[in-house]
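Results of the structural survey
Next come the chains, spelled out residue by residue.
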Amino acid sequence: MPLELVTIPCLTDNYAYLVHDGISGQTAVVDVPEAGPILAALNLRGWTLSDILITHHHSDHIAGVEELRAATGAMVLGAAADAHRLPPLDHALTEASHFAIGAEGVRVIDVPGHTVGHIAYHFPDSGLVFTGDSLMAGGCGRLFEGTAAQMHASLQKLSLLPPDTLVCSGHEYSTANLAFAATLEPGNGALISRRAEVAALRSSGKPTVPVRLGVEQQTNPFLRAMVPAVKAALGMADADDARVFAEMRTRKNSF
Ligand code: ZN
Ligand code: FE
């Protein structure tokens, strides 16, 4: 049975997510921008938090961890590589780590770029991937610590997941991300449809996440550095994909 997913808006434009196994009752949260909205979502459903999964060390993803841990007694999991700058971890994770929420095995994927110790959590049976500030709906995180080559490789890895996987990312940035995408591919029909869908969701106050990976592959320029029209739009028809990706990331910074 797939896990139940709840999307929780936090702070101004962050998202946290709950994943709940109805059989065991086990419930995890991915990222804790603040504890209040997460505790409210748990209380509303009568769920008990068992695990706190951290994607990366930035304060808008971890600020509420200690309050939530104190309130629930949940275990805290995060990247071993960043253990020195995360809240104290009960389980320090690498790509080789195995853990489960209910009966579902969770895979850890290293996705450096935004930060060097950034990880994603893949729930293959439920078709969910929690990407934090690596792959984001319509875009990707800024390169605060890693290189463009690292981020490009990280997104390539995520892009290999099944196309019906739901991408659960850390912020509501879709409108601006897709406006940038449209400067590169104004004639992309999937992008035109997705922008209309995002506009409708936002005007009714709804999140634009999660989004299917297959939609991202058709609309997110950071997954499309190999597409001839994207290369041409950047004046880089003959450049390799990694250079095209790096140029795109640079231009997005000043968009
Ligand atoms: Zn971040
Ligand atoms: Fe963030």
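Residues numbered from 1 in each chain as written. Chains lettered and ligands numbered in written order. Predicted model: local features only at pLDDT ≥ 70, side-chain atom pairs only at ≥ 80, totals over all residues. Heavy atoms only, no water.

**Looking at the packing of helix H5 (residues 174-184) against helix H6 (residues 189-203)**
- Running from amino to carboxyl end, H5 crosses H6 at an angle of 155°, the nearest separation of the two axes being 10 Å. Of the possible angle classes, the one that applies to H5 and H6 is roughly antiparallel. For the pair H5 and H6, the sense of crossing is left-handed. Here Ser 174, Thr 175, Leu 178, Ala 179, Ala 181 and Ala 182 of H5 lie close against H6, whose contacting residues are Leu 191, Arg 194, Arg 195, Val 198 and Arg 202.
- Partitioning the contact of H5 with H6 into residue classes produces six nonpolar, two polar and three charged. (Axes fitted to C-alpha atoms, helices over the stretch in contact; angles between N-to-C directions. Helix = DSSP H or I, 4+ residues; strand = E, 2+ residues; numbered from the N terminus. Parallel < 35°, antiparallel > 145°, perpendicular 65-115°, else oblique. Left-handed = near helix turned anticlockwise from the far one by under 90°. Contact = heavy atoms within 4.5 Å. Nonpolar A, V, L, I, M, F, W, Y, C, P; charged D, E, K, R; others polar.)

**Quick look at the coordination of the iron ion (ligand 2)**
- Looking at the metal site, the iron ion (ligand 2) is ligated by Asp 60 (OD), His 61 (NE2), Asp 133 (OD) and His 171 (NE2), spaced 2.1 to 2.3 Å from it.
- Considering all four donor atoms around the iron ion (ligand 2), angles at the metal cover 84 to 171° and the coordination shape is irregular.
- Read from N- to C-terminus, the donor residues coordinating the iron ion (ligand 2) fall into the pattern D-H-x71-D-x37-H.
- The two metals, the iron ion (ligand 2) and the zinc ion (ligand 1), are separated by 3.1 Å and share Asp 133 as a common coordinating residue. Of the two residues, Asp 133 is situated in the loop between strand S10 (128-132) and strand S11 (135-136) and His 171 in the loop between strand S13 (166-169) and H5; the sequence distance between them amounts to 38 residues.
- Accessibility expressed as a relative area gives 4% for Asp 133, which makes it buried.
- Judged by relative accessible area, His 171 falls into the buried class, the value being 4%. (Donors = N, O, S within 2.8 Å, 3.2 Å for Na, K, Ca; no water. Tetrahedral: all angles 85-135°; square planar, octahedral: opposite > 155°, others 65-115°. Buried < 20%, exposed > 50% of the residue type's maximum accessible area, 1.4 Å probe, protein only.)

**So, the nonpolar core**
- Residues Phe 99, Tyr 121, Phe 123, Phe 130, Leu 155, Leu 158 and Met 248 are the most contacted members of the largest nonpolar core, which totals 50 residues.
- The residues touching Phe 130, leaving out its near neighbours within four places in the chain, are Leu 5, Tyr 17, Val 19, Val 30, Thr 55, Ile 119, Ala 120, Tyr 121, Phe 123 and Cys 168.
- By size, the runner-up hydrophobic cluster in this structure holds 21 residues, among which are Ile 38, Leu 42, Leu 49 and Ala 74. (Core = buried A, V, L, I, M, F, W, Y, C linked by side-chain atoms within 4.5 Å.)

**Re the state of the cysteines**
- Tallying each qualifying case throughout the model produces zero disulfides.
- Unpaired in this structure, Cys 10 has its nearest cysteine sulfur neighbour in Cys 168, at a distance of 14 Å. (Disulfide = S-S within 2.5 Å.)

**As for unusual backbone geometry**
- Backbone torsion omega between Val 209 and Pro 210 reads -5°, so that peptide bond is classified as cis.
- Looking at the secondary structure, you find Pro 210 in the loop between H6 and strand S14 (211-212).
- One non-glycine residue with positive phi stands out, namely Leu 11, at about 50°.
- Position of Leu 11 relative to the elements: it lies in the loop between strand S1 (4-10) and strand S2 (14-20).
- Judged by its relative accessible area of 46%, Leu 11 falls in the partly exposed class.
- Here Asp 31, not a glycine, exhibits a phi torsion of approximately 70°, which is positive.
- With respect to the helices, strands and loops of the structure, Asp 31 is situated in the loop between strand S3 (27-30) and helix H1 (36-45).

**Focus on the sheet that holds S3**
- Pairing in this open sheet of six strands is mixed, and the strands run S1-S2-S3-S4-S5-S6 from one edge to the other. Two strands bound the open sheet, and with one partner strand each, they are S1 and strand S6 (91-93). With direction set aside, neighbouring strand axes in the sheet form an average angle of 20°.
- Two elements, S1 and S2, share seven bridges in a ladder whose sense is antiparallel. From the neighbouring strand, Glu 4 faces S2, where its bridge partner is His 20. (Pairing = 2+ DSSP bridges.)

**Details of the coordination of the zinc ion (ligand 1)**
- Taken together, His 56 (NE2), His 58 (ND1), His 114 (NE2) and Asp 133 (OD) make up the full set of protein donors to the zinc ion (ligand 1), lying 2.2 to 2.3 Å away.
- Here the zinc ion (ligand 1) is ringed by four donor atoms whose angles at the metal span 83 to 172°, and the overall shape comes out irregular.
- On the primary sequence, the residues serving as donors to the zinc ion (ligand 1) are separated as H-x1-H-x55-H-x18-D.
- In this structure His 56 comes out as buried when scored by relative accessible area, which is 1%.

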